[in-house]
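# Secondary and tertiary structure notes
Spelled out from the first residue to the last, the chains are:
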Amino acid sequence: MLKEKEYIMWLSGLSKISHGKKDKLLHMLGSAEAVYTAPEAQLKDIKWLTEANIEDITSNRNIDKLKRYTERVYSLGADYIIKEDGYYPEILREAYDAPLGVYLLGDKNTLLDKKVSMVGTRKATPYGISSALKLAEDFALAGITVVSGMADGIDSASHRGALKGGGKTIAVLGCGINVCYPKTNEQLMKRIVEKGCVISEYPVDEKANPRYFPERNRIIAGLSMAVVVVEANEKGGSLITANLAVDMGREIFALPGNITSRASKGTNNLLKQGAAPITEAKDAFFAIGLETCEAEKEKRKKLLLKIKKNWFMIV
């Protein structure tokens, strides 16, 4: 017997209907199951549904296929978090174009942590990488979970920095949660699942697609009260995330960079447009809503030193 959650998986996976229309269908018909079972004539009476929308719904109704798919999801040890679920972050629920649900591997409690999102270019400089590592480590030491997209460059450095600080991190993927992209991040992805979670709105087994990355950026922006742009070119996904974050009322921080560096043109422009400069993690503590982070950071630092000391004694 399928539950409403499984029907939302089905509705979310329809590729020819926008997020907004899916949300409207849910509200109009009362449930995803009602959308699944709605007669074609009833769907045709909904004026804002196109023929392609209706065909997408009616041609993808196969209960056996849906059952096999949900079994596949749960066989991976994955979960699916919907808006009505207590683990769906309130801050994301209120964000623009929030996903109907997200697939998750790892600890779903991580979604409820205080979070900061960190983004930046894939073609990062040594300055950008070291800055991302340091900022993320200090956020983790202060008890703040770091959200990023697991791409090469700044994203990967942000995840690694959070893990180095003994903290948790969330990777928002532009593919299925069981697909590692880029492939070189397989070990990093395993560590993220162990110390936090990976999430995606896309079906399991779905390969990375260029159009998915701008879409998933709204989730990166929506999960946190503050977005830190470490390095960014004049155009690109990081600035899309920043613009989405502004629209959602999030605080934007940008790392000042060398004025001759292409990788810092985007961040320096953000600063000129009013973004707050960030040179250390505590610059963003107030925006995240944790004024006591400095004390927490010192406590965690002492704990890590104690763990390292004990490890060396064992060795």
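Source: prediction; values computed, not measured.

Going residue by residue along strand β4 (residues 145-148), you find Thr145 and Val147 tucked away on one face and Val146 and Ser148 tucked away on the opposite face as well. Bridge analysis of strand β3 (residues 115-119) against β4 gives three bridges, and the strand direction is parallel. Looking across to β4, one finds that serine 117 is bridged to valine 147. In this fold, the crossover linking β3 to β4 by way of helix α8 (residues 126-141) has right-handed handedness.

So, about the pattern of salt bridges. Side chains that carry opposite charge are capable of pairing whenever their charged atoms lie near each other. Summed over the entire model, instances satisfying the criterion amount to 15 salt bridges. Where aspartate 138 meets lysine 134, a salt bridge forms, and the shortest distance between an N and an O atom there is 3.4 Å. With aspartate 138 and lysine 134 both in helix α8, this residue pair falls four residues apart, about one helical turn. The salt bridge involving glutamate 201 is made with arginine 218; its shortest N-O contact spans 2.7 Å. Here the residue glutamate 201 occupies a position in the loop between β6 (197-200) and α11 (212-222), and arginine 218 occupies one in helix α11, the gap between them amounting to 17 residues. Judged by its relative accessible area of 5%, glutamate 201 falls in the buried class. Residues joined by salt bridges that share partners form a network here, namely Lys5, Asp79, Asp85 and Lys108.

A contiguous patch of positive charge on the surface is contributed by Lys123, Arg262, Lys265 and Lys272. Mapped onto the elements of the fold, arginine 262 is located in the loop between β8 (251-254) and α13 (265-272).

We now examine the packing of aromatic side chains. Considering all chains together, one arrives at seven aromatic pairs under this definition. Feature note: the residues Tyr7, Trp10 and Tyr36 constitute an aromatic cluster, connected by ring pairs. Cation over ring: arginine 122 sits above phenylalanine 213, and NZ or CZ is 5.4 Å from the ring centre.

What follows covers the environment of asparagine 53. In this structure, asparagine 53 sits in helix α5 (residues 51-58). A sequence separation of 36 residues divides asparagine 53 from isoleucine 17, and the C-alpha atoms of the two residues are 5.6 Å apart. With sequence-adjacent residues up to four places away left out, asparagine 53 is seen in contact with Lys16, Ile17, Lys21 and Trp48.

Counting 41 residues, the largest nonpolar core has Trp10, Leu11, Ile57, Met150 and Val198 as its most contacted members. Mapped by element, the contributors of at least two residues to this core are α1 (4-12), α2 (19-29), α3 (32-37), α5, α6 (63-75), β1 (79-82), β2 (101-106) and α10 (186-195). When sequence neighbours within four positions are dropped, the list of residues in contact with methionine 150 reads Asp155, Ser156, His159, Ala171, Leu173, Cys180, Tyr181, Pro182, Asn185, Leu188, Met189 and Ile192. Ile220, Ala221, Val229 and Leu239 belong to the second largest nonpolar core, which has 30 residues in total.

About the thresholds
Each chain has its residues counted from 1, running along the sequence as written. Restriction of local features to residues with pLDDT of at least 70 applies here, the model being predicted, together with a cutoff of 80 or more for giving and counting side-chain atom pairs; totals for whole chains, interfaces and linings are based on all residues. Where side-chain values are given, they derive from all heavy atoms of the structure, hydrogens and water being excluded. Using a 1.4 Å probe on the protein chains alone, a residue whose accessible area is under 20% of its type maximum counts as buried, one over 50% counts as exposed, and one in between counts as partly exposed. A run of H or I in DSSP becomes a helix once it reaches four residues, and a run of E becomes a strand once it reaches two; helices and strands are each numbered from the N terminus. In short, DSSP must find at least two bridges between two strands for them to pair. Handedness of a crossover is defined as follows: with both strands directed away from the viewer, a clockwise route from the first strand across the helix to the second makes it right-handed. Salt bridge, as applied in this entry: a Lys or Arg side-chain nitrogen positioned within 4 Å of an Asp or Glu carboxyl oxygen. Grouping into patches uses exposed residues only, defined as over 30% relative accessible area, and leaves out salt-bridged ones; the cut-off is 9 Å for like charges and 5 Å for nonpolar side chains (Val, Leu, Ile, Met, Phe, Trp, Tyr). Per-residue accessibility takes into account occlusion by the displayed protein chains alone, with areas from the Shrake-Rupley method and a 1.4 Å probe. Positive charges come from Lys and Arg alone, negative charges from Asp and Glu alone, with His and the N- and C-terminal ends not counted. Charge positions are represented by NZ for Lys, CZ for Arg, CG for Asp and CD for Glu. Each Phe, Tyr or Trp ring (for Trp, its six-membered ring) is paired with any other whose centre lies within 6.5 Å, and the angle between the two planes then decides the class: stacked below 30 degrees, edge-to-face above 60, tilted in between. Here, over-ring charges are defined by two tests on the NZ atom of lysine or the CZ atom of arginine: distance to the ring centre within 6 Å, and angle to the ring normal within 35 degrees. The contact criterion used is simple: two residues touch if any of their non-hydrogen atoms lie within 4.5 Å. What we call a nonpolar core is a set of buried Ala, Val, Leu, Ile, Met, Phe, Trp, Tyr and Cys residues that are connected through their side-chain atoms within 4.5 Å.

Honestly, it's all geometry; don't read function into it.
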